[in-house]
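Reading the structure
Listed below are the residues making up each chain.
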Amino acid sequence: MAGYSDVHFEALLLRLGDLAAAEEQTPTGPYQRLLRYDAEHGTELAATLGAYLDSFGDVNAAAAAVHVHSNTFRYRLRRLTEISGLDLADPEARLAAMLMMRIFGRRH
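As a starting point, this report considers the structure included with it. (Residues numbered from 1 in each chain as written. Predicted model: local features only at pLDDT ≥ 70, side-chain atom pairs only at ≥ 80, totals over all residues. Heavy atoms only, no water.)

Overview of the nonpolar core
As a reminder of what qualifies: What we call a nonpolar core is a set of buried Ala, Val, Leu, Ile, Met, Phe, Trp, Tyr and Cys residues that are connected through their side-chain atoms within 4.5 Å. Only protein chains enter the calculation, and the probe is 1.4 Å; a residue is then buried if its accessible area is under 20% of its type maximum, exposed if over 50%, and partly exposed in between. Here a strand is any run of E in DSSP of at least two residues, a helix any run of H or I of at least four, and the numbering for each starts at the N terminus.
One finds L49, Y52, F73, L77, L80 and L86 to be the most contacted residues of the largest nonpolar core, which totals 25 residues. Sorting the residues of this core by element identifies α2 (29-41), α3 (45-54), α4 (59-65), α5 (70-84) and α6 (91-104) as the ones contributing at least two each. Considering every element that reaches this core, the biggest residue donor is α3, with 6 residues.

Details of α3
Under the convention used in this document: Only heavy atoms matter for contacts: two residues are in contact if any of them lie within 4.5 Å across the pair.
The element α3 is extensively covered by neighbouring structure, given that 8 of its 10 residues are classed as buried. Residues of α3 that are buried make contact with α2, α4, α5 and α6. Just beyond α3, the residue with positive phi is F56, at close to 55°.

Points about the side chain of S70
Structurally, S70 can be placed in helix α5. A residue is classified by how much of its surface remains accessible, and S70, at 15% relative accessible area, is buried. In this structure S70 touches V59, N60 and A63, once residues within four positions along its chain are discounted.

Some points on a nonpolar patch on the surface
So the rule is basically this: Residues enter patches when they are more than 30% accessible in relative terms and free of salt bridges; like-charged ones are connected within 9 Å and nonpolar ones (Val, Leu, Ile, Met, Phe, Trp, Tyr) within 5 Å. Residue burial considers only the protein chains on display, and all accessible areas are found by Shrake-Rupley using a 1.4 Å probe. By salt bridge we mean one thing: a side-chain nitrogen of Lys or Arg within 4 Å of a carboxyl oxygen of Asp or Glu.
Among the surface-exposed residues, F9, L12, L16 and L19 lie close enough to one another that they form a single nonpolar patch of about 340 Å² accessible area. Assignment of secondary structure puts L12 in helix α1 (residues 4-22). Classification of L12 as partly exposed rests on a relative accessible area of 44%.

Description of the environment of L86
Within the secondary structure, L86 is located in the loop between α5 and α6. Placed 57 residues apart in sequence, L86 and G29 show a C-alpha to C-alpha distance of 8.5 Å. Not counting chain neighbours up to four residues away, the residues in contact with L86 comprise P30, L49, L80, T81, A93 and A97.

With respect to α6
Rules: Multiplying one less than the number of residues by 1.5 Å gives the expected span of a helix. In this description, one arc is meant: the one made by directions from the helix axis to the C-beta atoms. Counting of polar contacts relies on pairs of N or O atoms within 3.5 Å, with two restrictions inside protein: one atom must be capable of donating a hydrogen and the other of accepting it, and residues adjacent in sequence are counted only when both atoms are side-chain atoms.
Between its first and last C-alpha, α6 extends 20 Å over 14 residues, near the 20 Å set by a 1.5 Å rise per residue. Along α6, the residues classified as buried are A93, A97, M100, M101 and F104. Burial along α6 is one-sided: seen end-on, the buried residues are contained in an arc of 100°. Capping the start of α6 is the job of one residue whose side-chain oxygen sits 2.9 Å from the backbone nitrogen of E92: D90. Directly after α6, the chain includes G105, whose backbone phi takes a positive value near 85°.

Describing the environment of L14
Summarising the element assignment, L14 is placed in helix α1. L14 sits 46 residues away from N60 along the chain, and the two C-alpha atoms are 31 Å apart.

Overview of the environment of P27
Its place among the elements puts P27 in the loop between α1 and α2. The class of P27 is buried, set by a relative accessible area of 6%.

This is the structure we're talking about:
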């Protein structure tokens, strides 16, 4: 049986998700723009962002995770930053995007 210290991050995310649901919040900012673009254009840029963040910025690992060539992945990164306005060099912007992806899912 897992103790709180074993699942504290997951518990925190669940609490944040419950709060967002209770307040009927939806994704905002760059992540919301990215989701809207994906929905309107049939792209998978949110998945590209997720792979990049999950791979700590390792383009080769992220490209392998989404089964594309690393040059294709770099192109998609450029497109998603242009479309969303997300500054991948800003650690707080990356954290905000990652939290939204965890709380709201990659499809909202």
